[in-house]
Every structure is written in C-alpha cells, then in structure tokens.
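# Commentary on secondary and tertiary structure
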Amino acid sequence: MSTLSLQAFQDQVSELLLRHRSLIDVLSKTGQAGASVNRAVSKAITECGCIELHATKQQYAPESGIAQTKGLLETHVEGELCENCKEVISSELGRNLFYMSALCNLLDINMEEVVNHESQKCSTLGMFNLS
C-alpha cells in the first residue's frame, strides 16, 4: 500500500465512522474484528477444508545458524485457500484494518508514521525483530 493510499484510507475512515466514535467502542470493535479474522481462518480449515493445519513442535537445531533455522521452520498450513475463503478472510482483514485506522484517528496517530516506524525497526533488527 503506498503512503498516499494509506493516508487516503485513514481519511476515508475518519469520514465514514459515525456510529462507533467512542474510543471504547472502537477498541471493542477492533477486538471483535480480530476475532472474526481468526474465526474465518478456522472455518477455512474446519468447514471448507481448503487448507489444513498440521501443527507440531517446531524443530530447532542448536548448531544451526539463524538463516538455516528459518528454512527449517514450518507454517503448519497445507493447501491453498479457495476463492470463497480467500474473499471472506480478505473481507475480515479489511474490517480489521478499518477499525485499526479508526483507532489511529481517535488517538491522533498517523498510520503512515506507524508503518514507516515498523518498517525501520524491521530493517534495523532484521531477523531479530520480535514481531
């Protein structure tokens, strides 16, 4: 997302947010939106079955370097999202982004600055970023 479109989105959210203008409302909606993303991913696994979850303990080799260890770690996801599940999850992620933007607006935080700061942190910390 370009800086310009990120700011435009934040401005758009500011114009559209009518019903939930209270910080408490936006905080609860942000939590609900996050839970909806989790639920949509879970339904892709349990109801649709387009992806499968095969979670096991991550295997770390103490003698391996960071680059080698990264290659050993698994996502635990097998398969690919079908078009329907991808659309539902994308929609839920969009709602999550909407309320994150609303939270930024209410607290006078610029999303562009948040993204830039996080990007700088990732660049500086590299593999040691704890996000």
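Please read all numbers here as calculations on a predicted model, not as lab measurements.

Quick look at the nonpolar core now. Grouped burial of nonpolar side chains is what soluble globular proteins tend to show. Counting residues in each nonpolar core, the largest one holds 9 residues, listed as Phe9, Val13, Leu17, Val26, Ala33, Phe98, Tyr99, Ala102 and Leu103. Contributions of two or more residues to this core are made by helix H1 (3-16), helix H2 (23-48) and helix H4 (83-106). Take this core: its biggest share by element is 4 residues, from H4. Ignoring anything within four residues of it in the chain, the contact list for phenylalanine 98 reads Phe9, Val13, Leu16 and Leu17. Ala44, Ile51, Cys85 and Ile89 belong to the second largest nonpolar core, which has 6 residues in total.

With that settled, consider the pattern of salt bridges. All told, the structure shown has 3 salt bridges when counted by the stated rule. In this structure, glutamate 47 and arginine 39 form a salt bridge, with 3.9 Å as the shortest nitrogen-oxygen distance. Glutamate 47 sits in the exposed class, given a relative accessible area of 55%. Judged by relative accessible area, which is 46%, arginine 39 ranks as partly exposed. For arginine 95, the salt bridge is made with glutamate 92, and the minimal N-O distance between the two is 2.9 Å. Pair noted here: arginine 95 and glutamate 92 are both in helix H4, with a separation of 3 residues, about one helical turn. Judged by its relative accessible area of 40%, arginine 95 falls in the partly exposed class. Under the relative-accessibility criterion, glutamate 92 is labelled buried at 15%.

Taking 1.5 Å per residue as the helical rise, H4 with its 24 residues ought to reach 34 Å, and the 35 Å between its terminal C-alpha atoms agrees with that figure. All of the buried residues along H4 are Cys85, Ile89, Glu92, Phe98, Tyr99, Ser101, Ala102, Leu103 and Cys104. Just past H4, the residue aspartate 108 takes up positive phi, approximately 55°.

Attention now moves to the environment of serine 101. By the element assignment, serine 101 lies in helix H4. A relative accessible area of 0% places serine 101 in the buried class. Remark: the alpha-carbon pair of serine 101 and threonine 30, spanning 71 residues in sequence, is separated by 9.7 Å. Residue contacts for serine 101: discarding those within four places in its chain leaves Phe9, Gln10, Val13 and Met111.

Reading the values: rules and limits
Residues numbered from 1 in each chain as written. Predicted model: local features only at pLDDT ≥ 70, side-chain atom pairs only at ≥ 80, totals over all residues. Heavy atoms only, no water. Core = buried A, V, L, I, M, F, W, Y, C linked by side-chain atoms within 4.5 Å. Buried < 20%, exposed > 50% of the residue type's maximum accessible area, 1.4 Å probe, protein only. Helix = DSSP H or I, 4+ residues; strand = E, 2+ residues; numbered from the N terminus. Contact = heavy atoms within 4.5 Å. Salt bridge = Lys/Arg side-chain N within 4 Å of Asp/Glu carboxyl O. Expected span 1.5 Å × (residues − 1).

Nothing here speaks to function; it is geometry throughout.
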